[in-house]
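A structural walkthrough
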Amino acid sequence: MKVFVLNSGSSSVKYKLYEMPDEAVLASGQVERIGMDDAAVTHRVPGREPYRVQEEILDHTTAIQRVLGLLTEAHDGAAVLQRIDEIDAVGHRVVHGGEAFHGSVRVTPAVKRSIRELSELAPLHNPHNLAGIEAAEELLPGVPQVAVFDTAFHARMPRHAFLYALPHVLYRRYAVRRYGFHGSSHRYVAERVRTLLGDGGTARIITCHLGNGASIAAVQGDHSIDTSMGFTPLEGLMMGTRSGDVDAGALLYVMARENLSLAEADAMLNKHSGVLGISGLASDMREIEEAADAGNETARLALEMYAYRIRKYIGAYAAALNGVDAIAFTAGIGEHSWRVREDVGASLGYLGAELDPEANRAARGEALISTPHSRVRLYVVPTDEEVVIARDTVAVVTADREPVAARRPGARRG
Ligand code: ADP
């Protein structure tokens, strides 16, 4: 089965074409700066030089059409597909599934309506995710489309974890609650950890997704019971440019003193805070580490705060899980910054977690970074959100093809 995975943003479309169930990547790439006359297309086929071109691409349909064209054209070798109709299914990343979606679903008119309604909660993402779905439907008529939600992995959090202690009417009226994000990443990493643990079915796992955006999740079984991002991706850990947790009272005070509009306050919290806001230098962790090594004080402070916040959340989630069996680090910083992992991992002794400093510094790709005596296993697990989308797409499409009687336990057969 050939599965085309699409991640459609406001001005970009990222794609991967998989041969399933082998999970072999046949091609991948992205179209950036959609809407401009110099949109940048990068198309990669394993074992070949990347193909790059700049041209006018004004909307998502044109972008996806261009990608489908690239898949059937010969570039530096045979075409990846002889014909577009070799694509069996399309899997779409959709950021917000609200309370409506607890798992991945086949796209129907009703599903699209829900995704559109949920744009209210994710105005920067859902409309573009939907534009990608509609473009793919138009360009690949009759091919099943599947929506995979970033929020779904967190959809079974208990209410004491997802509710804010605001007047309850606000939840009923506006669905103001914790949703959590990065779900496909937390899910992928937790599944890997369960496999690495061997008998990991009921393991208590804390997954730390540390990229430009960052979140942490407490996982038990096949779903999270709590996660640090909330109603929006702003809450929780300190991030590249987002503040993470902040006293709402401090925000109200600053808004009043500085006479900030909602848009200005939003920009302050989401774009000018976090590692960038504290260091005054950069949001990029590599630059911060270099500056700290060169003796820059604000870069050091940003690093200290960054790691401290993660340590606090690990403590909180160990309490939420009533113990912890494994902690995993993923995404750009989690996978590559031995220093952040060391700053976090070296102070988890109270949990029975013992970081192996050499293994941690030497880690490349998936690695165990705790000592053999450590009661809690510490891992680096490179994330792969696209493969989660491809797997779910296969599962949803295959389930749809089975006769209904075969799917319902207890249903009468024959
Ligand atoms: P996104 O959330 O945009 O997908 P990534 O997961 O790619 O982001 O993470 C980006 C972050 O990872 C940046 O802060 C970057 O500096 C950091 N990063 C990448 N490689 C390294 C490295 N070798 N050492 C430290 N930080 C790194």
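Residues numbered from 1 in each chain as written. Predicted model: local features only at pLDDT ≥ 70, side-chain atom pairs only at ≥ 80, totals over all residues. Heavy atoms only, no water.

Let's talk about the pairing of strand S1 (residues 2–8)
Most of S1 sits out of view: seven of its seven residues are buried. Side chains Lys2, Phe4, Leu6 and Ser8 of S1 all project onto a buried face; the interleaved residues Val3, Val5 and Asn7 project onto the opposite face, where all are buried too. Bridge count between S1 and strand S2 (residues 13–19): seven bridges; the pairing is antiparallel. Bridge pairing links valine 5 to lysine 16 in S2. Bridge count for S1 against strand S6 (residues 89–94) is four bridges, and the pairing is parallel. (Buried < 20%, exposed > 50% of the residue type's maximum accessible area, 1.4 Å probe, protein only. Helix = DSSP H or I, 4+ residues; strand = E, 2+ residues; numbered from the N terminus. Pairing = 2+ DSSP bridges.)

Considering the sheet that holds S2
Taken together, eight strands build an open sheet; the order of strands is S5-S4-S3-S2-S1-S6-S8-S7 and the sheet is mixed. Either end of the sheet is taken by a strand with one partner, and the two such strands are strand S5 (51–57) and strand S7 (105–106). Summarising the sheet, strand S4 (residues 36–44) and S5 pair through six bridges and their orientation is antiparallel. Residue threonine 42 lies in a different strand from S5, and its bridge partner there is arginine 52.

Things to note about the site of the ligand
Around the ligand lies a shell formed by Gly211, Asn212, Gly213, Asp284, Met285, Arg286, Glu289, Ala331, Gly332, Ile333, His336 and Ser337. Separating an oxygen atom of the ligand from a side-chain N or O atom of asparagine 212 is a distance of 2.8 Å. Within the contact set of the ligand, an oxygen atom lies 3.0 Å away from a backbone nitrogen or oxygen of methionine 285. Going through the elements one at a time, helix H10 (285–293) and helix H12 (331–336) are the ones with two or more residues in the shell around the ligand. If you tally residues by element for the shell around the ligand, the top one is H12, at four residues. Grouping the constituent residues of the shell around the ligand by class yields three nonpolar, six polar and three charged. (Near = heavy atom within 4 Å. Polar contact = N/O pair within 3.5 Å; in protein donor to acceptor, adjacent residues only side chain to side chain. Nonpolar A, V, L, I, M, F, W, Y, C, P; charged D, E, K, R; others polar.)

Things to note about the pairing of strand S11 (residues 223–227)
With five of five residues buried, S11 lies mostly within the body of the structure. Pairing between strand S10 (residues 214–220) and S11: four bridges, direction antiparallel. If you follow glutamine 220 over to S11, its bridge partner there is histidine 223. From the end of S10 to the start of S11, which pair antiparallel, there are two residues, and glycine 221 there has a positive phi angle of about 70°.

Points about the packing of aromatic side chains
The tally for this structure, following the rule as stated, stands at five aromatic pairs. Look at tyrosine 179 and phenylalanine 231: their rings are 6.2 Å apart centre to centre, the planes differ by 40°, and that puts the pair in the tilted class. On the criterion of sequence distance, the pair formed by tyrosine 179 in the loop between helix H5 (169–174) and helix H6 (183–197) and phenylalanine 231 in the loop between S11 and helix H7 (248–258) is long-range, its members being 52 residues apart. For tyrosine 179, a relative accessible area of 3% puts it in the buried group. Summarising the aromatic geometry, the rings of tyrosine 313 and tyrosine 317 are spaced 5.6 Å apart at their centres and angled 70° between planes, so their arrangement reads as edge-to-face. (Phe/Tyr/Trp six-rings, centres within 6.5 Å; stacked < 30°, edge-to-face > 60°.)

What to know about the pattern of salt bridges
Overall, the coordinates contain 24 salt bridges when judged by the stated rule. Between aspartate 226 and arginine 178 there is a salt bridge; the shortest N-O distance is 3.7 Å. Residue aspartate 226 is found in strand S11, and its partner arginine 178 is found in the loop between H5 and H6; the two are separated by 48 residues along the sequence. For aspartate 392, the salt bridge identified is with arginine 187, shortest N-O distance 2.5 Å. Of this pair, aspartate 392 sits in helix H15 (residues 385–401) while arginine 187 sits in helix H6, and the two are 205 residues apart along the sequence. The exposure class assigned to aspartate 392 is buried, which follows from its relative accessible area of 11%. (Salt bridge = Lys/Arg side-chain N within 4 Å of Asp/Glu carboxyl O.)

Regarding the UniProt feature "site: Transition state stabilizer" (unreviewed entry) in the protein chain
With numbering matched to this structure, UniProt assigns "site: Transition state stabilizer" (unreviewed entry) to His182 and Arg242. Position of histidine 182 relative to the elements: it lies in the loop between H5 and H6. Its relative accessible area of 12% is what places histidine 182 among the buried residues. By the secondary structure assignment, arginine 242 is in the loop between S11 and H7. If we skip the residues at most four places from it in the chain, arginine 242 touches Gly213, Met229, Pro233, Leu234, Leu269, Asn270, Ser273 and Gly274. Side-chain polar atoms of arginine 242 contact the backbone oxygen of proline 233, separated by 3.5 Å. (UniProt positions renumbered as here; feature names shortened; annotations may be inferred. Contact = heavy atoms within 4.5 Å.)

Here we look at the environment of glutamine 30
If you trace the backbone, glutamine 30 turns up in strand S3 (residues 24–32). Ignoring anything within four residues of it in the chain, the contact list for glutamine 30 reads Val13, Lys14, Tyr15, Ala40, Val41, Thr42 and Arg44.

Concerning the packing of helix H1 (residues 60–72) against helix H3 (residues 126–139)
Interaxial distance between H1 and H3 falls to 9 Å at its minimum, and their mutual angle equals 55°. What the angle tells us is that H1 and H3 run oblique. Crossing of H1 against H3: the hand is right-handed. Mapping the contact onto sequence places His60, Thr61, Ile64, Gln65 and Leu68 in H1 and His128, Ala131, Gly132, Ala135, Ala136, Glu138 and Leu139 in H3. (Axes fitted to C-alpha atoms, helices over the stretch in contact; angles between N-to-C directions. Parallel < 35°, antiparallel > 145°, perpendicular 65-115°, else oblique. Left-handed = near helix turned anticlockwise from the far one by under 90°.)

Let's talk about the side chain of lysine 2
On the secondary structure map, lysine 2 appears in strand S1. In this structure lysine 2 comes out as buried when scored by relative accessible area, which is 18%. Side-chain polar atoms of lysine 2 contact the side chain of glutamate 19, separated by 3.1 Å. For lysine 2, the contacting residues outside a window of four places in its chain are Leu17, Tyr18, Glu19, Leu26, Leu81, Glu86, Ile87, Asp88 and Ala89.

Overview of the sheet that holds strand S12 (residues 326–330)
What links the strands of a sheet is backbone hydrogen bonding, and the strands pair in either a parallel or an antiparallel sense. An order of S11-S10-S9-S12-S14-S13 is seen for the six strands of this open sheet, with the pairing classed as mixed. Only two strands of the sheet have a single partner each, and these edge strands are S11 and strand S13 (367–368). Relative to S10, strand S9 (residues 204–210) is paired through seven bridges, and the arrangement is antiparallel. Within S10, the position partnered with histidine 209 by the bridge is serine 215.

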